[in-house]
2 protein chains.
Amino acid sequence: MCQLMGMNANTPTDVMFSFAGLATRATEHKDGFGIAFFEDKGVRLFVDPESALHSPVADLVKRYPIKSSHVIAHIRKATQGQVRLQNTHPFVRELWGRYWVFAHNGDLKDFNPRLHGSFRPVGDTDSERAFCWLMQELAKAHASVPTVDELTHTLAELLPQPARHGTFNCLLGNGQALWAHCSTHLHWLERKHPFGAAHLADEDLSVDFGALTSPGDRVAIVATQPLTRGEDWTAFGAGELRVFVGGASSGYG
Amino acid sequence: MCQLMGMNANTPTDVMFSFAGLATRATEHKDGFGIAFFEDKGVRLFVDPESALHSPVADLVKRYPIKSSHVIAHIRKATQGQVRLQNTHPFVRELWGRYWVFAHNGDLKDFNPRLHGSFRPVGDTDSERAFCWLMQELAKAHASVPTVDELTHTLAELLPQPARHGTFNCLLGNGQALWAHCSTHLHWLERKHPFGAAHLADEDLSVDFGALTSPGDRVAIVATQPLTRGEDWTAFGAGELRVFVGGASSGYG
């Protein structure tokens, strides 16, 4: 299984602290990593089939404070598909003049939907296949980019379909919102005023967010397992879909 | 105007030397840079709206020997579209389960083709618009990924159409081949046995390829202006299309 991390904020924020926490879990999840940063409508995608512990690309991400309001990261332990660049999450496609970024934790059995649209997998993972199917179905459901609420409604209908084939914890973002769907393991957290201190769960590293933020800042973090101690992480329920906009979370259904 | 660099080789090769040469030209071409590396069917895309002279991402690319058989790089001097991440070349789209990478040097006036297919620009450059149109027309011309020869034939019909609207020097790659089309300025070079030494045109840096290569290696480089002294660069003619496969070049038409 893999580890996911997503960040959504109302002001561009760096994720060096959270990514450092995620990367320590790459001892076990050694089959590559990837992280996508939205900046306005553009995306920077860093992917490497090397472990996030040793990759020079991961080292850059840990040290270069890229500020973004929407981030999706993934460290991989291969279940389906070889350890190759084309199988490294997150995956990116364009739809309606917007980039869409997707990462998946889990394993889908016999999910082989008919892909008759404009989205085809490049690699051979179940995850990219599910992403292409999601993009195809979104493209069928809406003629142009809908509101976040409309998208959430459509996704709430679509996401249970691959989820019936196995474990489907996933993050999807388009630079307007971050959607998170849980089958088994996913946790979320909102950081807002008054900001406190947090301590990385896996590493001897603390940060005082009060010293680094303004009172109006608001940041939501989603992760497979809580990344910090001393903060109030909430576990998703099985089948739960949440959408994060401007650092604030809302559930669906 | 911008500067383009492409590399196509019969064995994975790093482009640190050539990219260092390109990056020195970022004094003038300061509005961002990007470089895409194919590894098998996967792509690593590094983009930064910062100058390649100062960007930590460019610094990584100059120091991390990423080996690839297909590389497309671009340093930008903005003519159309703001200096933003979504306007930074190269652009990437997926078609037929393959990634396609495109970078453009030049300026198109009034090229506003109807985009009725599945490819829409995310940013607001003439370049991405031309790329989306090319992808749309390729998708219409072939039902699935054709041979390189068939693609070259189709591209030879398509590329003159945007080129009628201005300057259209461009590089297109899909991990199987690199296509280069020239309106005004583009040069190419084949490096093969016996390998000699080369000296960067803009910087006090030399490399002896003989010490770094095997006799069977073959590498083609395409660049807006020759990157080195002491090597035999050939200028493209106006309207010329060349395709590079396995480090060998062939002209079309």
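Whatever comes next refers back to the structure up there.
Now for a quick tour of the structure. Being a predicted model, the structure only gives us computed values, none of them experimental.

Parameters and conventions
- Residues numbered from 1 in each chain as written.
- Chains lettered and ligands numbered in written order.
- Predicted model: local features only at pLDDT ≥ 70, side-chain atom pairs only at ≥ 80, totals over all residues.
- Heavy atoms only, no water.
- Helix = DSSP H or I, 4+ residues; strand = E, 2+ residues; numbered from the N terminus.
- Buried < 20%, exposed > 50% of the residue type's maximum accessible area, 1.4 Å probe, protein only.
- Contact = heavy atoms within 4.5 Å.
- Areas by Shrake-Rupley, 256 points an atom, 1.4 Å probe, with all protein chains shown as cover.
- Lys, Arg positive; Asp, Glu negative; His and termini not counted.
- Charge placed at Lys NZ, Arg CZ, Asp CG, Glu CD.
- Least-squares fit on C-alpha atoms with pLDDT ≥ 70 in both.
- Pairing = 2+ DSSP bridges.
- Axes fitted to C-alpha atoms, helices over the stretch in contact; angles between N-to-C directions.
- Core = buried A, V, L, I, M, F, W, Y, C linked by side-chain atoms within 4.5 Å.
- Salt bridge = Lys/Arg side-chain N within 4 Å of Asp/Glu carboxyl O.
- Buried area = accessible area lost by both parts, 1.4 Å probe.
- Polar contact = N/O pair within 3.5 Å; in protein donor to acceptor, adjacent residues only side chain to side chain.
- Nonpolar A, V, L, I, M, F, W, Y, C, P; charged D, E, K, R; others polar.

Focus on the overall build of chain A
Along chain A, the regular secondary structure elements total 5 helices and 16 strands. Overall, the C-alpha framework of chain A stretches about 50 × 35 × 30 Å when taken along its three principal axes. In chain A, which comprises 253 residues, the share counted as buried stands at 60%. Once local pairs closer than 6 in sequence are excluded, the contacts in chain A between residues at least 24 apart make up 71%. If you sum the accessible surface of chain A, you get close to 9,300 Å²; carbon and sulfur atoms cover 48% of it. Of the side chains in chain A, 23 bear a positive and 27 a negative charge, and the two mean positions are spaced by 4 Å.

Focus: the relation of the copies chain B and chain A
Here chain B sits on chain A after a turn of 180 degrees about the axis and a move of 0.0 Å along it, with an RMSD of 0.0 Å. Taken together, these values place the two copies in the relation of a two-fold axis. Interface residue correspondence from chain B to chain A reaches 100%, placing this contact among same-surface, isologous pairings.

With respect to the sheet that holds strand β4 (residues 68-75) of chain A
All names here are of chain A. Strand order in the open sheet formed by 7 strands is β3-β2-β4-β1-β12-β9-β14, and the pairing between neighbours is antiparallel. Every other strand in the sheet has two partners, leaving β3 (42-48) and β14 (234-235) as the edge strands with one partner each. With 6 bridges joining them, strand β9 (residues 187-192) and strand β12 (residues 218-223) adopt antiparallel strand pairing. Along β12, the bridge assignment pairs H187 with A223. Docked against the sheet, helix α1 (residues 16-23) engages β1 (3-13), β2 (33-39), β4, β9 and β12, running at close to 175 degrees with respect to β1.

Structural notes on the sheet that holds strand β8 (residues 178-181) of chain B
All names here are of chain B. Read across the sheet, 6 strands follow the order β5-β6-β7-β8-β15-β16 without closing on themselves; strand pairing throughout is antiparallel. Unpaired on one side and paired on the other, β5 (91-95) and β16 (248-251) mark the two borders of the sheet. The sheet shows a mean angle of 25 degrees between the axes of neighbouring strands, taken without regard to direction. Across 5 bridges, β5 lies against strand β6 (residues 98-108) in antiparallel orientation. Bridge pairing links L95 to R98 in β6. On the sheet, helix α3 (residues 126-141) packs against β5, β6 and β7 (166-173) and is oriented at approximately 135 degrees with respect to β6. The strands touched by helix α4 (residues 148-158) within the sheet are β6, β7, β8 and β15 (241-245), with β15 carrying the most contacts at an inclination of about 160 degrees.

Regarding the nonpolar core
Grouped together as the largest cluster of nonpolar side chains are 55 residues, with contacts concentrated most on F19(A), I35(A), F46(A), F19(B), I35(B) and F46(B). Among residues more than four places away in sequence, those in contact with F46(B) are F46(A), V57(A), F33(B), G34(B), I35(B), F37(B), V57(B), L60(B), V61(B) and I66(B). Among the nonpolar cores identified, the runner-up in size contains 52 residues, and L108(A), A177(A), C182(B) and L186(B) belong to it.

Here we look at the pattern of salt bridges
Going through the model one piece at a time under the given rule, you end up with 24 salt bridges over all chains. Here K109(A) makes a salt bridge to D107(A), at a shortest N to O gap of 3.4 Å. In this structure, D59(B) engages R63(B) in a salt bridge whose closest nitrogen and oxygen atoms are separated by 3.1 Å. Within this pair, D59(B) and its partner R63(B) are both found in helix α2 (residues 56-63), separated by 4 residues, close to a single helical turn. By relative accessible area, which is 35% here, D59(B) ends up partly exposed. On the accessibility criterion, R63(B) (57% relative accessible area) is exposed. Three or more residues joined by partner-sharing salt bridges are found here, namely E39(A), R44(A) and D48(B).

A short note on the interface of chain B and chain A
In this assembly, 32 residues from chain B lie in contact with 32 residues from chain A. Counting each side, the surface lost to burial between chain B and chain A is near 2,600 Å², with a carbon and sulfur contribution of 56%. Three residues stand out in chain B for area buried against chain A, namely L85(B), E94(B) and V122(B), and they jointly supply 22% of the buried area on that side. In this assembly, chain B and chain A are joined by 6 salt bridges. Between R93(B) and E94(A) there is a salt bridge; the shortest N-O distance is 3.1 Å. At the junction of chain B and chain A, the tally comes to 21 residue pairs in polar contact (both at pLDDT 80 or more). Looking at the side of chain B that touches chain A element by element, the count peaks at 7 residues for strand β3 (residues 42-48) of chain B. Of the residues contributing to the side of chain B that touches chain A, the split by class is 16 nonpolar, 4 polar and 12 charged.

This is a description of form; function is not addressed.
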